[in-house]
Amino acid sequence: MHKNKELHSFLLAKARNLTEEWYNSLDKNDSSGVYSSDDPNIIDTLKKQNFDFHLHLCEAFIREETAFLEEFQKWILSIAQDPQHLNTPIHFMLREFFRVREQYLDYIKDFVSLHMGEFPNEVIDSWNRMILKAFDKVMLGFVEEHQYYLHQKLSAQQELIQELSSPVITLNNEVALLPLVGDIDARRAKLMLENTLNQCANLGVNFLVIDLSGVPMIDTMVAHQIFHLIKALRLIGVTSTLTGVRPEIAQTAVQLGLEFNGVPTYSTLRQALISMAIIKR
């Protein structure tokens, strides 16, 4: 049986020492992440997070496992969402879990030495196994939550990048430009359609120049999306013009049977802007 109020009190009294010993022995030469920071505020927060960890972990010696883990989940979520930890490589954080685990195993040895002969070996072994099990569960839970929030962060960044990669730029009160640059996959094509319609509606433009000169390859999916974009723009009262239409783009459209009737097309953006009197010859 691993429950022991004396051991709980012993470790709880050592919580502040555990934090200071851990931080003082920390490798502060990491290439990046929270552990290499010299910002006093970040250091104070890091120490508090570590101290709170000890307050939670000590409860393992007086509480049932389910209640212990449910309460610990609050700490796990707070650290997994912490911006400083989200910017720290996962192997650095696992390393610190391992180091803190060794601290606990050493402190249990100290406790046993202070109570020589009072506890049978099987009880001492149960405490050590409990520490290993508790760390395993906390580490697994932390990694799962950390990866979830990291994925959310990356997805948000990708969406922002996608939005910025298809900006509608106003040229005057009526005309705007959509310069497309780089490869267009299915995700970007969907966002391009949604963002362009919203931006054109918000800006109140009547004409949109879609420049394809920066797109290295036009495949079936991209050609269809451009076709659907032009049709959707027409429904909200925006007339489209295509520029940068290279021979391979025209060939793809013909092979797909896409009719761009009534859509002015130009080989260069400059030609389109001259014809619309946006710039002079």
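Let me begin by describing the structure that accompanies this report. Computed from a prediction, not measured in an experiment: that's the story for all the values here. (Residues numbered from 1 in each chain as written. Predicted model: local features only at pLDDT ≥ 70, side-chain atom pairs only at ≥ 80, totals over all residues. Heavy atoms only, no water.)

So, the pattern of salt bridges
A complete count under the given rule lists nine salt bridges for this structure. Linking Asp 30 and Arg 95 is a salt bridge whose minimum nitrogen-to-oxygen distance equals 2.8 Å. One end of the pair, Asp 30, is in the loop between helix 2 (15-24) and helix 3 (40-58); the other, Arg 95, is in helix 6 (residues 90-114), with 65 residues separating them in the sequence. Taking relative accessible area as the criterion, Asp 30 reaches 10% and is therefore assigned buried. Among the salt bridges present, the one from Glu 71 reaches Lys 74, with a minimum N-O distance of 3.5 Å. Taken together, the residues span about one helical turn, with Glu 71 and Lys 74 both in helix 4 (residues 65-80) at a distance of three residues. For Glu 71, a relative accessible area of 28% puts it in the partly exposed group. Because the salt bridges share partners, they merge into one network encompassing Asp 30, Arg 95, Glu 96 and Arg 99. (Salt bridge = Lys/Arg side-chain N within 4 Å of Asp/Glu carboxyl O. Helix = DSSP H or I, 4+ residues; strand = E, 2+ residues; numbered from the N terminus. Buried < 20%, exposed > 50% of the residue type's maximum accessible area, 1.4 Å probe, protein only.)

Re the sheet that holds strand 1 (residues 169-170)
Taken in spatial order, the five strands of this open sheet run 1-2-3-4-5, and their pairing is mixed. Each edge of the open sheet is held by one strand with a lone partner, namely strand 1 and strand 5 (265-266). Across two bridges, the pairing between strand 4 (residues 239-243) and strand 5 is parallel. Residue Thr 243 lies in a different strand from strand 5, and its bridge partner there is Tyr 266. (Pairing = 2+ DSSP bridges.)

Re the nonpolar core
Membership of the largest hydrophobic core comes to 44 residues, with the highest contact counts inside it found for Phe 53, Leu 57, Tyr 104, Trp 127, Ile 131 and Phe 135. Mapped by element, the contributors of at least two residues to this core are helix 1 (5-13), helix 2, helix 3, helix 4, helix 6 and helix 7 (121-164). Residues contacting Phe 135, with those up to four places away along its chain left out, are Phe 53, Leu 57, Phe 97, Val 100, Arg 101 and Tyr 104. Counting residues in each nonpolar core, the second largest holds 27 residues, with Ala 176, Leu 178, Leu 233 and Val 263 among its members. (Core = buried A, V, L, I, M, F, W, Y, C linked by side-chain atoms within 4.5 Å. Contact = heavy atoms within 4.5 Å.)

Observations regarding helix 9 (residues 220-235)
In a regular helix each residue adds 1.5 Å, so 16 residues correspond to 22 Å; helix 9 covers 23 Å between its end C-alpha atoms and thus fits that length. Along helix 9, the residues classified as buried are Val 222, Ala 223, Gln 225, Ile 226, Phe 227, Leu 229, Ile 230, Ala 232 and Leu 233. Looking at the buried positions of helix 9, the neighbouring elements they touch are strand 2 (175-181), helix 8 (186-203), strand 3 (207-214), strand 4 and helix 10 (247-256). Two residues or fewer after helix 9 comes Gly 237, characterised by a positive phi angle close to 85°. (Expected span 1.5 Å × (residues − 1).)

Remarks on the packing of helix 2 against helix 3
Running from amino to carboxyl end, helix 2 crosses helix 3 at an angle of 135°, the nearest separation of the two axes being 9 Å. When the axis of helix 2 is compared with that of helix 3, the two are oblique. Crossing geometry of helix 2 relative to helix 3 is assigned as right-handed. Of the residues in helix 3, those in contact with Ala 15, Arg 16, Leu 18, Thr 19, Glu 20, Trp 22 and Tyr 23 of helix 2 are Ile 43, Leu 46, Lys 47, Asn 50, Phe 51, His 54 and Leu 55. (Axes fitted to C-alpha atoms, helices over the stretch in contact; angles between N-to-C directions. Parallel < 35°, antiparallel > 145°, perpendicular 65-115°, else oblique. Left-handed = near helix turned anticlockwise from the far one by under 90°.)

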